Amino acid sequence: MSPLAIHCQGVEKSYGSGGERVRALRGLDLEARYGELLMIEGPSGCGKTTLLSIICGILQTDKGAVELLGSNLSEMSDRALTAFRSTQVGFIFQQFNLIPTLTARENVAIPLILNGHPYASSQKRAAEMLARIGLNDRANRYPSELSGGQQQRVAISRAFAGAPQLVVCDEPTSALDVSVQATILNLLVDLQKQDGTSFIFISHDLGVVRYISDKIAVLYLGRVVEFGDSNQVFGGPHHPYTEALLSSVPNIDGTVRKRIPLTGSVPSPSNPPSGCVLNPRCPRMAGSGVEGLC
Ligand code: ADP
Ligand code: MG
């Protein structure tokens, strides 16, 4: 078994102060091994982006430990953290964030130049990365001359250009036309497998998640409520929220599951329920009158 690439223990993160504190992460534990693709699932507001921002070093934890690629983030100086992020971690977000005044190739070369590589070799490597994803004929185009799918491919090339050990993706296809989403996902997964990169990935496309992820973590109100190999989680989820979530996804053989509806909406993270996070929405509780049945 490969060593841990990501190890979060008891991570807490709140926003705001006093009575208005939003408890975005509440004692979150998570791990992923080198070379694994870890998918993060969960409803809007459950803390996914906060978690990724902490993993990337953009936010700091209030409490708990985050170890990334063998380094404890809280023990690193700001300077060391910046150097670590720029050499070891690639980022792909929903918005492509390309610099409009630079060509596709120049955008891809940015992390290499920032890491001190000479200009000429950075441009050469950037051109090779663009060729790898079939955009060699667009290398000298500006972002405004590219489609959304092509811009995201440039952003993907940029994330992989410095050969990072970990790539972090926050809904990388959700801003794209449905017709190109599968192409972009396939491209990402091909690069991940070819380079043996560790991946942490937020996606809401559960139909796809099942096929591309090694591990799945389901978050709800700032906690991991389900974690495991994706085949195991899809084959037999333990937590009632995961059961409900997956009940909308057909089985591998095309048969449909019994739909498990959840009533109401997710409670406010400023005032989470006591006991199981799914109180008071849990379908296993309905009518039983027994708190904490499962
Ligand atoms: P997700 O990505 O799962 O939708 P987020 O991590 O973005 O969840 O947010 C978790 C909770 O923290 C939400 O209730 C959100 O409104 C709140 N939140 C996120 N960022 C901030 C912020 N900068 N200031 C205050 N509250 C925030
Ligand atoms: Mg988010």
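Here the structure is a predicted model, which is why all the values come from computation and not from measurement.

**Focus: the overall build of the protein chain**
Within the protein chain one finds 9 helices and 10 strands. For 294 residues, the compact-globule formula gives about 19 Å, and the C-alpha radius of gyration of the protein chain, at 20 Å, lands near that figure. For the protein chain, the spread of C-alpha atoms along the principal axes amounts to about 70 × 45 × 40 Å. When burial is assessed residue by residue, the protein chain has 47% of its 294 residues classed as buried. If you take every contact in the protein chain between residues at least 6 apart in sequence, the share linking residues at least 24 apart comes to 65%. Carbon and sulfur atoms provide 51% of the accessible area of the protein chain, an area that totals close to 13900 Å². Within the protein chain, one finds 26 positive and 26 negative side-chain charges whose respective centroids are separated by 1 Å.

**Points about the nonpolar core**
Where a protein is soluble and globular, its nonpolar side chains tend to be buried together. If you look at the biggest cluster of nonpolar residues, it comprises 51 residues, and the most contacted ones within it are Ile92, Val154, Ile156, Phe160, Leu188, Phe199 and Phe201. Ignoring any residue separated from it by four or fewer positions in sequence, one finds Val154 in contact with Leu98, Ala104, Asn107, Val108, Leu130, Ile133, Leu135 and Leu146. Core analysis: the second largest hydrophobic core is formed by 30 residues, Cys56, Leu81, Val89 and Ile200 among them.

**Observations concerning the sheet that holds strand 7 (residues 166–170)**
Within the open sheet, the 6 strands sit side by side as 6-7-8-3-9-10. Their pairing is mixed. Two strands lie at the open edges of the sheet, namely strand 6 (89–92) and strand 10 (223–229), each paired on one side alone. Here the average twist between neighbouring strands, direction ignored, is 15 degrees. When strand 3 (residues 37–41) meets strand 9 (residues 215–220), the two strands line up parallel, connected through 4 bridges.

**Re the site of ligand 1**
Every residue lining ligand 1 is accounted for by Tyr15, Val22, Ala24, Pro43, Ser44, Gly45, Cys46, Gly47, Lys48, Thr49, Thr50 and Pro269. The contact in question runs from an oxygen atom of ligand 1 to an N or O atom on the backbone of Gly45, over 2.7 Å. At 2.8 Å, a side-chain N or O of Lys48 approaches an oxygen atom of ligand 1. Against a free-state accessible area of 560 Å², the protein chains account for coverage of 60% of ligand 1.

**Some remarks on the packing of aromatic side chains**
A complete count under the given rule lists 4 aromatic pairs for this structure. Between Tyr220 and Tyr241, the ring centres sit 4.8 Å apart and the planes meet at 50 degrees, which makes this aromatic pair tilted. Separated by 21 residues along the polypeptide, Tyr220 in strand 9 and Tyr241 in helix 9 (residues 240–246) bring together distant segments of the chain. Each member of the pair Tyr220 and Tyr241 is classed as buried. Put simply, the rings of Phe160, Phe199 and Phe201 touch in pairs and so form one group of aromatic residues.

**A closer look at the sheet that holds strand 1 (residues 4–15)**
The 4 strands lie next to each other as 2-1-4-5, forming an open sheet whose pairing is antiparallel. Of all strands in the sheet, those bounded by a partner on one side alone are strand 2 (22–33) and strand 5 (71–72). Relative to strand 5, strand 4 (residues 63–68) is paired through 2 bridges, and the arrangement is antiparallel. Residue Leu68 lies in a different strand from strand 5, and its bridge partner there is Ser71. Packing against the sheet, helix 1 (residues 48–55) makes contact with strand 1, strand 2 and strand 4, and its axis sits at approximately 120 degrees to strand 1.

**Things to note about the side chain of Gln150**
Along the chain, the position of Gln150 falls in helix 5 (residues 148–161). Residue contacts for Gln150: discarding those within four places in its chain leaves Leu135 and Arg138.

**Observations concerning the pairing of strand 10**
Bridge analysis of strand 9 against strand 10 gives 6 bridges, and the strand direction is antiparallel. Counterpart to Ala217 in the pairing with strand 10 is Phe227. Connecting the antiparallel pair strand 9 and strand 10 is a turn made up of 2 residues, with Leu221 showing a positive phi of about 45 degrees.

**Section: the environment of Leu219**
Structurally, the position occupied by Leu219 is in strand 9. The spatial distance from the C-alpha of Leu219 to the C-alpha of Cys46 is 6.1 Å, given a sequence separation of 173 residues. Contacts of Leu219, omitting those with residues within four sequence positions, involve Leu28, Ile40, Glu41, Gly42, Pro43, Cys46, Gly47, Lys48, Leu51, Val224 and Tyr241.

Definitions and limits used
Residues numbered from 1 in each chain as written. Chains lettered and ligands numbered in written order. Predicted model: local features only at pLDDT ≥ 70, side-chain atom pairs only at ≥ 80, totals over all residues. Heavy atoms only, no water. Helix = DSSP H or I, 4+ residues; strand = E, 2+ residues; numbered from the N terminus. Rg over C-alpha atoms; globule rule 2.2 N^0.38 Å. Buried < 20%, exposed > 50% of the residue type's maximum accessible area, 1.4 Å probe, protein only. Contact = heavy atoms within 4.5 Å. Areas by Shrake-Rupley, 256 points an atom, 1.4 Å probe, with all protein chains shown as cover. Lys, Arg positive; Asp, Glu negative; His and termini not counted. Charge placed at Lys NZ, Arg CZ, Asp CG, Glu CD. Core = buried A, V, L, I, M, F, W, Y, C linked by side-chain atoms within 4.5 Å. Pairing = 2+ DSSP bridges. Axes fitted to C-alpha atoms, helices over the stretch in contact; angles between N-to-C directions. Near = heavy atom within 4 Å. Polar contact = N/O pair within 3.5 Å; in protein donor to acceptor, adjacent residues only side chain to side chain. Phe/Tyr/Trp six-rings, centres within 6.5 Å; stacked < 30°, edge-to-face > 60°.

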